[in-house]
Amino acid sequence: MLNEAQDFMRLYYSETGKEEQELVARLKEIEEEINRDGTYVHTAEELDFGAKVAWRNSNKCIGRLFWQSLTVIDKRELHKEEDILKSLLDHIQYATNEGRIRPTISIFSPSDVRIWNHQLIRYAGYETEAGVIGDPDSLAFTKVCEELGWKGKGTKFDVLPLVIQVKDQPARFFDIPESYILEVSIRHPEMEWFQDLQLKWYAVPMISSMKLEIGGINYVAAPFNGWYMGTEIGARNLADDYRYNMLPRIAEQMGLNTKSNASLWKDRALVELNAAVLYSFKEDGVSIVDHHTAAHQFKKFEEIERDAGRDVSGNWTWLIPPMSPATTHIFHKPYNNEKLTPNYSYQPNPY
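Residues numbered from 1 in each chain as written. Predicted model: local features only at pLDDT ≥ 70, side-chain atom pairs only at ≥ 80, totals over all residues. Heavy atoms only, no water.

## Looking at the overall build of the protein
What counts is decided by this rule: In this description a helix means any DSSP run of H or I spanning at least four residues, a strand means any run of E spanning at least two, and both kinds are numbered starting from the N terminus. Note that the radius of gyration is over C-alpha atoms, with the globule rule given as 2.2 Å times the number of residues to the power 0.38. Contacts are residue-level and defined by heavy atoms, with any inter-residue pair within 4.5 Å sufficient. Methods summary: accessible areas were calculated by the Shrake-Rupley approach with a probe of 1.4 Å, and residue burial reflects only the protein chains presented. Charge convention: Lys and Arg are scored as positive, Asp and Glu as negative, and His as well as the terminal groups of each chain are ignored. Every charge is mapped to an atom, namely NZ of Lys, CZ of Arg, CG of Asp or CD of Glu.
Within the protein one finds 10 helices and 16 strands. The C-alpha atoms of the protein give 22 Å as radius of gyration, which agrees with the globular expectation for 351 residues (20 Å, within 12%). Here the C-alpha coordinates of the protein stretch approximately 70 × 50 × 30 Å along the principal axes. Within the protein, counting contacts between residues at least 6 apart in sequence, those at least 24 apart form 67% of the total. Total accessible area on the protein is roughly 17200 Å²; 48% of this is exposed by carbon and sulfur atoms. Of note, the protein has its 39 positive side-chain charges centred 2 Å away from the centre of its 52 negative side-chain charges.

Set out below in structure tokens:
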């Protein structure tokens, strides 16, 4: 921990232009704290810097151009479920901002708080005799919520409750009031029948299952969000055959030949689904970016980082968009997938 703390502090003091003597004093303070308590506490300024740089270092994220715009909300002092719930609802409301989405992270106590959800807002999935209703990716967590006493309506788009655990106490679930949840009904600019599919998606992707690592400290409850890239919804969530699997129905409505792969029915249906997602979000005034614009923004990020003398790490398989990747510059170049710190990383589910 001390080595990681020292590396982080040198980075922080270097990039923020602080004096060498300040760094020496802070490093001495941290060493004494670790020797005494086995850990140390970041200042609010260190936490703010660390969370932003973690986004800058996120190998799988194409949206890193905006890392400095991240709003960092320090909630390390909260230790009661009700207070944590209020803070999460505040995060949802602030980040959603009536559709003008603000990149936001809320950071809780590194040792005492755990949020069981994968995302603060996500749809439930139910196993039935007729097949899965809702999101198949949520089957396991939906069962966990039901075991805690939650009961959904059984529709395709039931919003799951927030599940919060403090220390070793039993986890508790809390329903999210509907007024906090912004959803977009998916319709197409030309195909009027598209709205009959009754598709929708929530406005803000707020990841809550990953941990934030800063200078040897693991913040296991640190939900964060940007805004959607359209393909995340249109080429994955609604399109993957192990998720909502909408391409066959869309192709059928379009009158395409689904018996032959050579008809490219999947590709044609995929384009129209993605066009519908982008159109619907923009019509409703909800922030979203198409994958071509996102790739251009990532190229700008690469240029800025190069000028700052920093190498850009990247996981190529995640950076390329899941639709028409060869039309972006990302497809045609290699990336160093070295994991830099601070960073966000996966952690085992608490259930």
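There's more to say after this.
## Brief notes about the packing of helix H7 (residues 247-254) against helix H8 (residues 265-283)
Heads up, the condition is: Here the axes come from fitting lines to C-alpha atoms, over the contacting stretch only for helices, and the angles between their N-to-C directions go from 0 to 180 degrees. When describing relative orientation, an angle under 35 degrees is termed roughly parallel and one over 145 degrees roughly antiparallel, while 65 to 115 degrees is termed roughly perpendicular and anything else oblique. Here the term charged refers only to Asp, Glu, Lys and Arg, the term nonpolar to Ala, Val, Leu, Ile, Met, Phe, Trp, Tyr, Cys and Pro, and the term polar to all other amino acids, Gly among them.
Following both chains from N to C, one finds H7 and H8 inclined at 95°, their axes separated by 9 Å at the closest point. Compared by their axis directions, H7 and H8 come out roughly perpendicular. Note on element contacts: H8 touches H7 through Trp265, Lys266, Arg268, Ala269, Leu270, Glu272 and Leu273, opposite Leu247, Pro248, Ile250, Ala251 and Met254. Looking at the contact of H7 with H8 residue by residue, the classes come out as nine nonpolar, no polar and three charged.

## Focus: the nonpolar core
Note that soluble globular proteins tend to have their nonpolar side chains buried in a common cluster. As a reminder, the rule being used: To define a nonpolar core, start from buried Ala, Val, Leu, Ile, Met, Phe, Trp, Tyr and Cys residues and group those joined through side-chain atoms within 4.5 Å. With a 1.4 Å probe rolled over the protein chains alone, any residue whose accessible area is under 20% of its type maximum counts as buried; one over 50% counts as exposed, and the rest are partly exposed.
With 54 residues, the main nonpolar core has Leu199, Trp201, Leu273 and Phe281 as its most contacted residues. Elements with a minimum of two residues in this core: helix H4 (81-96), strand S3 (113-115), strand S6 (162-166), strand S9 (200-202), helix H6 (230-237), H7 and H8. Broken down by element, the residue count for this core peaks at eight residues, all from H8. Setting aside residues up to four positions removed in sequence, leucine 273 forms contacts with Phe194, Leu199, Gly234, Leu238, Ala239, Leu247 and Ile250. Judged by nonpolar contacts, the second largest core, of 42 residues, contains Ile30, Ala222, Phe224 and Ala295.

## Considering unusual backbone geometry
The residue after threonine 341, namely proline 342, is reached through a cis peptide bond having omega -5°. Structurally, proline 342 can be placed in the loop between helix H10 (316-319) and strand S16 (343-345). Even without a glycine there, the phi angle at asparagine 97 is positive, about 50°. Phi angles above zero are rare outside glycine, and lysine 167 is one such case at about 55°. Residue position: lysine 167 is located in the loop between S6 and strand S7 (172-174).

## Quick notes on the pattern of salt bridges
Let me state the cut-off plainly: What counts as a salt bridge is simple: a side-chain nitrogen of Lys or Arg found within 4 Å of a carboxyl oxygen of Asp or Glu.
Scanning all chains against the criterion turns up 23 salt bridges. Of the charged contacts, one joins aspartate 74 and arginine 76 as a salt bridge, the two residues approaching to 2.8 Å between their closest N and O atoms. For aspartate 74, a relative accessible area of 30% corresponds to the partly exposed category. Beyond isolated ion pairs, a larger network of salt bridges with shared partners links Glu15, Arg56, Glu305 and Arg310.

## Some points on the side chain of threonine 142
Selection rule: By the criterion applied in these results, polar contacts are pairs of N or O atoms within 3.5 Å in which, for protein atoms, one can donate a hydrogen and the other can accept it, and in which residues neighboring in sequence qualify only through two side-chain atoms.
Residue position: threonine 142 is located in helix H5 (residues 139-147). Given the relative accessible area of 0%, threonine 142 is considered buried. At a separation of 3.0 Å, a polar atom in the side chain of threonine 142 contacts the main-chain amide nitrogen of glycine 125. Residues within four places of threonine 142 in sequence aside, it is in contact with Ala124, Gly125, Tyr126, Trp150 and Leu160.

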